[in-house]
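A look at the structure
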Amino acid sequence: MDYSSLKNFKETAGYDIDGVWYPRVTKIVDIKAKPALYRFYAEMNNFNEGEAVKKQSASEGTLIHEIVEKILIGEKPQIDPSVSPAIEAFLRFLEEKNIQVDSEHVEKRIVHLDERYAGTLDSLALIDGKFGVLDIKTSQAIYRDYNLQTSAYMSALQNDFKNLQTRWILRIDQIKNCLKCKATLREKGGRKKIKLPWNGKSYDYKSKTCEHEWSELKGDVELKEFPCWQEDFEAFLGAKKLWEWENEYWLKQIGYL
Ligand SMILES: [Zn+2]
């Protein structure tokens with residue numbers, strides 16, 4: 001990514017904490033290639049359309065994220081009707097799984113002083129008797145790449161939380177199901193995406209020929225635990241090294257390198 005000025009770099013790529021600048025975890029993990037993006041852009045009419053879809057999709061995700069965060073700190077936020085299926089499903093899930101969140105650690109800024117990076121934690125939670133990092137995503141699936149980000153949080157929290165045991169991704173999304181087959185429809189960024197059931201070899205024949213009939217919009221919530229984080233953290237540090245190499249020009253001016 002190109003930055004317009006040192007000020008712009010410092011603001012978008014890092015945090016100033018007690019007068020010291022630290023790069024952001026999310027910027028560092030962005031250095032990793034995302035091959036799925038090529039496919040996404042290839043499905044668009046042109047680059048600008050791709051950018052617009054991505055932007056709108058991100059703001060829909062942010063809306064869900066913001067409401068969820070308010071709920072986690074005990075507020076009762078206004079729920080925009082466009083995301084109410086996702087939020088309703090999230091509320092049911094919180095209750096069913098008895099997920100306990102300490103409001104003090106929602107959207108909390110964290111710093112790794114030795115490795116020199118900072119980030120913002122979604123929350124710390126107690127689930128099934130275990131205490132860990134809970135990161136919220138609004139994607140259509142849980143991707144392995146998320147483990148880089150949360151491993152960085154795990155390592156940064158080691159000193160302050162000796163009882164930290166694990167980490168989870170909580171995915172919150174909303175989809176429509178086909179009433180006649182197992183296909184799902186996801187609308188994000190003004191784009192409809194149909195997913196056919198995949199049996200490991202091919203798409204389900206019935207789904208391929210089905211004239212889908214879509215249900216009401218439904219919440220789709222998934223929780224996945226990733227207890228082993230050390231290897232992911234090694235990979236994060238590798239990504240950080242590469243990110244520093246790419247941004248050497250700015251980092252030297254800051255005195256970070
Ligand atoms: Zn169908």
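Below, the structure is looked at part by part. (Residues numbered from 1 in each chain as written. Predicted model: local features only at pLDDT ≥ 70, side-chain atom pairs only at ≥ 80, totals over all residues. Heavy atoms only, no water.)

1. Considering the packing of aromatic side chains
The description of an aromatic ring pair rests on the distance of the ring centres and on the angle between the ring planes. A full pass over the atoms with the stated rule returns 16 aromatic pairs. Considering the side-chain rings of Tyr-117 and Phe-236, the 5.0 Å spacing of their centres and the 70° angle between planes classify their relative orientation as edge-to-face. Taken together, the residues Tyr-117 in strand E5 (residues 117–121) and Phe-236 in helix H8 (residues 230–246) connect sequence positions 119 residues apart. On the accessibility criterion, Tyr-117 (1% relative accessible area) is buried. With relative accessibility at 0%, the residue Phe-236 sits in the buried group. Cluster of aromatic residues (ring-pair linked, three or more members): Tyr-3, Phe-9, Trp-21, Trp-243, Tyr-249, Trp-250 and Tyr-256. (Phe/Tyr/Trp six-rings, centres within 6.5 Å; stacked < 30°, edge-to-face > 60°. Helix = DSSP H or I, 4+ residues; strand = E, 2+ residues; numbered from the N terminus. Buried < 20%, exposed > 50% of the residue type's maximum accessible area, 1.4 Å probe, protein only.)

2. What to know about the packing of helix H6 (residues 146–157) against H8
For the pair H6 and H8, the least separation of the axes is 8 Å and the interaxial angle reads 100°. Here H8 runs roughly perpendicular to H6, going by the angle between their axes. Contacts between H6 and H8 involve Asn-147, Leu-148, Ser-151, Ala-152 and Ser-155 from the former and Asp-232, Phe-233, Ala-235 and Phe-236 from the latter. Of the residues that constitute the contact of H6 with H8, the class distribution is five nonpolar, three polar and one charged. (Axes fitted to C-alpha atoms, helices over the stretch in contact; angles between N-to-C directions. Parallel < 35°, antiparallel > 145°, perpendicular 65-115°, else oblique. Contact = heavy atoms within 4.5 Å. Nonpolar A, V, L, I, M, F, W, Y, C, P; charged D, E, K, R; others polar.)

3. Let's talk about H8
In an α-helix there are 3.6 residues to a turn, and that puts residues three or four apart on one side. Helix length check: H8, at 17 residues, gives a terminal C-alpha distance of 25 Å against a target of 24 Å (1.5 Å per residue), a fit within 8%. All of the buried residues along H8 are Asp-232, Phe-233, Phe-236, Ala-239, Lys-240, Trp-243 and Glu-244. The buried residues of H8 occupy an angular sector of 140° when projected down its axis, which confines them to one face. Exposed residues on H8 whose side chains face more than 90 degrees from its buried face are Glu-231, Glu-234, Lys-241 and Trp-245. (Expected span 1.5 Å × (residues − 1). Arc of directions from axis to C-beta.)

4. Things to note about the coordination of the zinc ion
Around the zinc ion, the donor atoms from the protein are Cys-178 (SG), Cys-181 (SG), Cys-210 (SG) and His-212 (ND1), and they sit 2.1 to 2.3 Å away. Metal-centred angles of 103 to 115° between the four donor atoms at the zinc ion mark the site as tetrahedral. Donor residues for the zinc ion, ordered by position in the chain, follow C-x2-C-x28-C-x1-H. Separated by 32 residues along the polypeptide, Cys-178 in the loop between strand E8 (166–177) and strand E9 (184–188) and Cys-210 in the loop between helix H7 (205–209) and strand E11 (218–225) bring together distant segments of the chain. On the basis of relative accessible area, Cys-178 is assigned to the buried category, the value being 7%. (Donors = N, O, S within 2.8 Å, 3.2 Å for Na, K, Ca; no water. Tetrahedral: all angles 85-135°; square planar, octahedral: opposite > 155°, others 65-115°.)

5. Observations regarding the environment of Met-44
Secondary-structure assignment places Met-44 in the loop between helix H3 (36–42) and helix H4 (47–72). With 147 residues separating them along the chain, Met-44 and Arg-191 place their C-alpha atoms 10.0 Å apart. Excluding residues that lie within four positions of it along the chain, Met-44 makes contacts with Glu-49, Gly-50, Val-53 and Arg-191.

6. Observations concerning the pairing of E8
The side chains of a regular strand alternate between the sheet's two faces. In terms of burial, E8 is largely enclosed, as ten of its twelve residues are buried. In this structure, strand E7 (residues 130–137) lies alongside E8, joined through six bridges in parallel fashion. Along E8, the bridge assignment pairs Leu-134 with Trp-168. Bridge count for E8 against E11 is eight bridges, and the pairing is antiparallel. Its bridge partner being in E11, Ile-172 is matched across the sheet by Val-221. In terms of strand pairing, E8 meets E9 through two bridges, oriented antiparallel. Bridging across to E9, Asn-177 finds its partner in Thr-184. If you look at the hairpin formed by E8 and E9, you'll find six residues sitting between the two strands. (Pairing = 2+ DSSP bridges.)

7. Concerning the pattern of salt bridges
Applying the stated criterion to the full structure yields 17 salt bridges. Between Asp-173 and Arg-171 there is a salt bridge, with the nearest N and O atoms lying 4.0 Å from each other. Residues Asp-173 and Arg-171 agree in their burial class; the two are buried. Its salt-bridge partner being Asp-173, residue Arg-186 comes within 2.6 Å of it at the nearest N-O pair. Here Asp-173 lies in strand E8 and Arg-186 lies in strand E9, a separation of 13 residues in the sequence. When sorted by exposure, Arg-186 lands in the same class as Asp-173, which is buried. Overlapping salt bridges bring together Arg-171, Asp-173, Arg-186, Asp-220 and Glu-222 as one network. (Salt bridge = Lys/Arg side-chain N within 4 Å of Asp/Glu carboxyl O.)

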